[in-house]
There are 2 protein chains.
Amino acid sequence: MVTANRIAEMAAAMGEPARAAMLAALMDGRAMTATELARVAGIAPPTASGHLARLVAARLVAAERHGRHRYHRLAGPEAARLIESMMQMAGAAPAPHAVPRFGPRDAALRQARTCYDHLAGRLGVGLADALVAGGWVAMEGEAAWMTEAGRARFGALGIPLPQAARHGRPGCRPCLDWSERRPHLAGRLGAALCSHAFGQGWVHRVEGTRAVTVTPKGRLALREAFGLAESG
Amino acid sequence: MVTANRIAEMAAAMGEPARAAMLAALMDGRAMTATELARVAGIAPPTASGHLARLVAARLVAAERHGRHRYHRLAGPEAARLIESMMQMAGAAPAPHAVPRFGPRDAALRQARTCYDHLAGRLGVGLADALVAGGWVAMEGEAAWMTEAGRARFGALGIPLPQAARHGRPGCRPCLDWSERRPHLAGRLGAALCSHAFGQGWVHRVEGTRAVTVTPKGRLALREAFGLAESG
DNA sequence: CCGATGCTTCGGGCCTTGCCGAAGCATCGG
DNA sequence: CCGATGCTTCGGCAAGGCCCGAAGCATCGG
């Protein structure tokens, strides 16, 4: 009974168009200020402030002060996962959940972007395909796992590996790509790959968006390391 | 933007204690009448009727008339999956989400029950353990898959097998058991095993509950087929 | 055909919640 | 030190939602 109440609390926090829009906007894993989120949701700052307080209370969103700004991000991978399930069941968006008004960045977003903490778009899907084709990773339905060979080769590249079956977050799982409608790689492995790609200068973020571009160096590295033919 | 609204609609449908309690009660996959659900949620029948209409509108619940009764069940595996995610994030229930007032059936429920369309409780967890130990199935984190050997042996037992990587539902996935706090087997394989167990007379449902008992025949068969030592 | 049963619709009371503008705090930049 | 900026709190309004009892439909059992 108590569990039903907690469910209701969380669900109610998501169950309002303005808050749902905010959560969707946070799904790329970046943090946003209250004012930005107000604009995204199409409401006045005071209203947004109230909504955000409620999302924080429901532990779906975490907030952090930096000077006179307050940055909001999803509370964690579980929250992202939950919202992702909802989006999927909501019938995946026809357009890749729009960033309103910021102009026609759709092409760039479709090509490559971050999805919470891993890579998505054609780049993410292509990378996942290459990893499966190369025998690094196997996928079946909603399951994915590293092969033994993959584990060894990721290690050799200096990519920190999720230990097998640690209790919390799955090491490796497929995540349905909004724009491509095919799976890319999420979970701890997806996050590790993404941060490695940033760290090595394979990709750069397009300032102020969640789009990323592949550098020439990255294009080369992705082909050499994973056999990824075209990466944008 | 439209996607945020649909999310909000679904979430709002879940975001009310009475409705959340109803959904939780439906999580074993059986259908319940409106009056039963009213009692579960602790509200009057007219109120429940309104709630159920809303859940149906949100496509979380499906209803079906049988004579003067109207049976409600979860709309499908995706809905079950979604609610399960919420429960998990809600911090798995201390008690196995209670069937109120129907008396002290907890012991039986903990021992063996259905969870949506597959087996749960000590029986379900033990079966999953045995399948992993016997090399039928492998599990890692939130991923699970049939081994080649397992696929062949399930087929030999006459259990209809999910084809690899069909698009909709995952063939095989772990599902955190409420009472045991360890995974049992869900997905299409879990459902196939469960219906096989009922069909072969390995288990019987305890009338009017979601508890099941293992028959002597079932105990024998489970040991012989899967090496499951004690099955209640 | 008639009463009992299951469910829904209707009407109305009550409370919650969304929304905004104005005003109050804090921080930054000069 | 002062104005601009980001955010929150406050007050008030309006809409929507939850809840119930009474009454209306349908179905079942005799």
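Before going into details, it helps to say that this report is about the structure given with it. Remember, predicted model here, so these are calculated numbers, not experimental data.

## A short note on the protein's contact with DNA strand D
1) Next: Surrounding DNA strand D, one finds 20 residues, the nearest of these being T35, S49 and R70 of chain A together with T47 and H51 of chain B.
2) Next: In this structure, A34 of chain A approaches DNA strand D through a main-chain N or O atom, which is 3.4 Å from a phosphate oxygen.
3) Next: Within the side chain of H51 of chain B, a nitrogen or oxygen atom sits 2.4 Å from a phosphate oxygen of DNA strand D.
4) Next: Mapped by element, the contributors of at least two residues to the surface near DNA strand D are α3 (34–41), α4 (45–57) and β3 (69–74) of chain A together with α4 (45–57) of chain B.
5) Next: If one sorts the elements of the surface near DNA strand D by residue count, α4 of chain B sits on top with four residues.
6) Next: Of the residues assigned to the surface near DNA strand D, the class counts are six nonpolar, seven polar and seven charged.

## Details of helix α7 (residues 121–133) of chain A
All names here are of chain A.
1) Next: Along its 13 residues, α7 runs 18 Å from first to last C-alpha, staying within 8% of the 18 Å computed at 1.5 Å per residue.
2) Next: For α7, the set of buried residues is G121, L123, G124, V125, L127, A128, A130 and L131.
3) Next: Residue G135 follows α7 closely and has a positive phi angle near 75°.

## A look at the protein's contact with DNA strand C
1) Next: Lining the immediate environment of DNA strand C, one finds 20 residues, of which T47 and H51 of chain A together with T35, S49 and R70 of chain B sit closest.
2) Next: Within 4 Å of the protein, the contacting atoms of DNA strand C are 79% sugar and phosphate, with bases supplying the remainder.
3) Next: Within the side chain of T47 of chain A, a nitrogen or oxygen atom sits 2.7 Å from a phosphate oxygen of DNA strand C.
4) Next: The separation between a phosphate oxygen of DNA strand C and a polar side-chain atom of S49 of chain B is 2.6 Å.
5) Next: Breaking the surface near DNA strand C down by element, the ones donating at least two residues are α4 of chain A together with α3 (34–41), α4 and β3 (69–74) of chain B.
6) Next: For the surface near DNA strand C, the leading source of residues is α4 of chain A, giving four residues.
7) Next: Residues that form the surface near DNA strand C fall into these classes: six nonpolar, seven polar and seven charged.

## A few points about the side chain of H51 of chain A
1) Next: Within the fold, H51 of chain A resides in helix α4.
2) Next: Apart from residues no more than four positions distant in its own chain, H51 of chain A is found in contact with E16, A18, R19, M22 and I43 of chain A.

## Structural notes on the environment of A108 of chain B
Residue and element names in this part refer to chain B.
1) Next: With respect to the secondary-structure elements, A108 resides in helix α6 (residues 106–111).
2) Next: With relative accessibility at 34%, the residue A108 sits in the partly exposed group.
3) Next: Placed 105 residues apart in sequence, A108 and T213 show a C-alpha to C-alpha distance of 8.0 Å.

Criteria and cut-off values
- Residues numbered from 1 in each chain as written.
- Chains lettered and ligands numbered in written order.
- Predicted model: local features only at pLDDT ≥ 70, side-chain atom pairs only at ≥ 80, totals over all residues.
- Heavy atoms only, no water.
- Near = heavy atom within 4 Å.
- Polar contact = N/O pair within 3.5 Å; in protein donor to acceptor, adjacent residues only side chain to side chain.
- Helix = DSSP H or I, 4+ residues; strand = E, 2+ residues; numbered from the N terminus.
- Nonpolar A, V, L, I, M, F, W, Y, C, P; charged D, E, K, R; others polar.
- Expected span 1.5 Å × (residues − 1).
- Buried < 20%, exposed > 50% of the residue type's maximum accessible area, 1.4 Å probe, protein only.
- Contact = heavy atoms within 4.5 Å.

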